[in-house]
Amino acid sequence: MKALNIVGAVAGAIFRLVAAVAVVYVIYRGVGICYDYGYRIFTESPVTTAGEGRTVTVSVTEEMNPMEIGELFESRGLIRDAKLFVLQYYLSEYTKEVGPGTFELSTTMTVEEMMQAMVVEKEEDTEEEEE
């Protein structure tokens, strides 16, 4: 009976140790992923860093949400990661100013430069300026 108790205690200790190592590993990987995304939000380089790149025409509709815009840009080769684009969009100073339209964007542009190129003047602003 004592041998069974000893084997059970050893097995329990090994299980707890393996579980603790697994938890530490999952946390370590999660922190690494979060750090990578956090770093890339502010430092992501353009898709093309050398040369002229290529110009891509994209049409953004009023119904498109940031994820759909990111997926469109990713499919056209303007960005590497649509989810990262969404984070960059919401943390950008251009969030309220980006609007629908057809835009000429380049693979040498950063996401911030793309959003700056997509700024659309609101009709209310132009009406006030005319008066």
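See above for the structure.
Okay, so let's go over this structure. (Residues numbered from 1 in each chain as written. Predicted model: local features only at pLDDT ≥ 70, side-chain atom pairs only at ≥ 80, totals over all residues. Heavy atoms only, no water.)

As for the overall build of the chain
Inclusion rule: For helices the rule is a DSSP run of H or I covering at least 4 residues; for strands it is a run of E covering at least 2, with both sets numbered from the N terminus onward. It is over C-alpha atoms that the radius of gyration is taken, and the globule rule equals 2.2 Å times the number of residues to the power 0.38. Relative accessibility thresholds used throughout: buried, under 20% of the residue-type maximum; exposed, over 50%; partly exposed, between the two (1.4 Å probe, protein chains only). In what follows, residue pairs with any heavy atoms lying within 4.5 Å of each other are defined as contacts. Surface accessibility follows the Shrake-Rupley procedure with a 1.4 Å probe radius. Residue values consider only the protein chains on display as shielding. Two residue types count as positive, namely Lys and Arg, and two as negative, namely Asp and Glu; His and chain ends fall outside the count. Charge coordinates come from a single atom per side chain, which is NZ of Lys, CZ of Arg, CG of Asp or CD of Glu.
Counting its secondary structure elements, the chain contains five helices and two strands. Seen in sequence order, the chain has helices and strands lined up from the N terminus as α-β-α-α-β-α-α. In terms of C-alpha radius of gyration, the chain reaches 25 Å, well past the compact-globule figure of 14 Å for 131 residues. Expressed as lengths along the three principal axes of its C-alpha atoms, the size of the chain is roughly 95 × 40 × 20 Å. Residue burial in the chain is summarised as follows: out of 131 residues, 27% are buried. If you take every contact in the chain between residues at least 6 apart in sequence, the share linking residues at least 24 apart comes to 59%. Of the accessible surface of the chain, which amounts to about 9400 Å², a share of 59% is contributed by carbon and sulfur atoms. Computing the positive centroid from 10 side-chain charges and the negative centroid from 23, the chain places the two 25 Å apart.

Let's talk about the nonpolar core
Applied cut-off: The criterion is simple. A nonpolar core is a set of buried Ala, Val, Leu, Ile, Met, Phe, Trp, Tyr and Cys residues joined through side-chain atoms within 4.5 Å.
Ranked by size, the top nonpolar core spans 19 residues in total, and within it V58, F73, L78, F85, L105, M114 and M118 carry the most contacts. For this core, the secondary-structure elements that each account for two or more residues are β1 (55–60), α2 (66–75), α3 (82–90), β2 (101–106) and α4 (111–117). Sequence-distant contacts of M114, that is, excluding residues within four places in its chain, are made with F73, L78, I79, L105, S106 and M109.

Re a negative patch on the surface
The condition that has to hold: Residues enter patches when their relative accessible area tops 30% and they take part in no salt bridge; the joining distance is 9 Å for like charges and 5 Å for the nonpolar side chains Val, Leu, Ile, Met, Phe, Trp and Tyr. Should a side-chain nitrogen of Lys or Arg be within 4 Å of a carboxyl oxygen of Asp or Glu, the pair is scored as a salt bridge.
Residues E93, E97, E112 and E113 make up a contiguous surface patch of negative charge. Tracing the chain through its elements places E113 in helix α4.

Considerations on the pattern of salt bridges
The full count for this structure, using the stated rule, is three salt bridges. A salt bridge links E44 to R40; its shortest N-O distance comes to 2.9 Å. The burial state of E44 is the same as that of R40; both residues are buried. In this structure, R80 and E44 form a salt bridge, with 3.0 Å as the shortest nitrogen-oxygen distance. Of this pair, R80 sits in the loop between α2 and α3 while E44 sits in the loop between α1 (2–43) and β1, and the two are 36 residues apart along the sequence. Using a relative accessible area of 40% as the deciding quantity, one classes R80 as partly exposed. Accessibility expressed as a relative area gives 19% for E44, which makes it buried. One continuous salt-bridge network, built from bridges that share partners, spans D36, R40, E44 and R80.

Everything listed here is a matter of geometry and, on its own, says nothing about what the molecule does.
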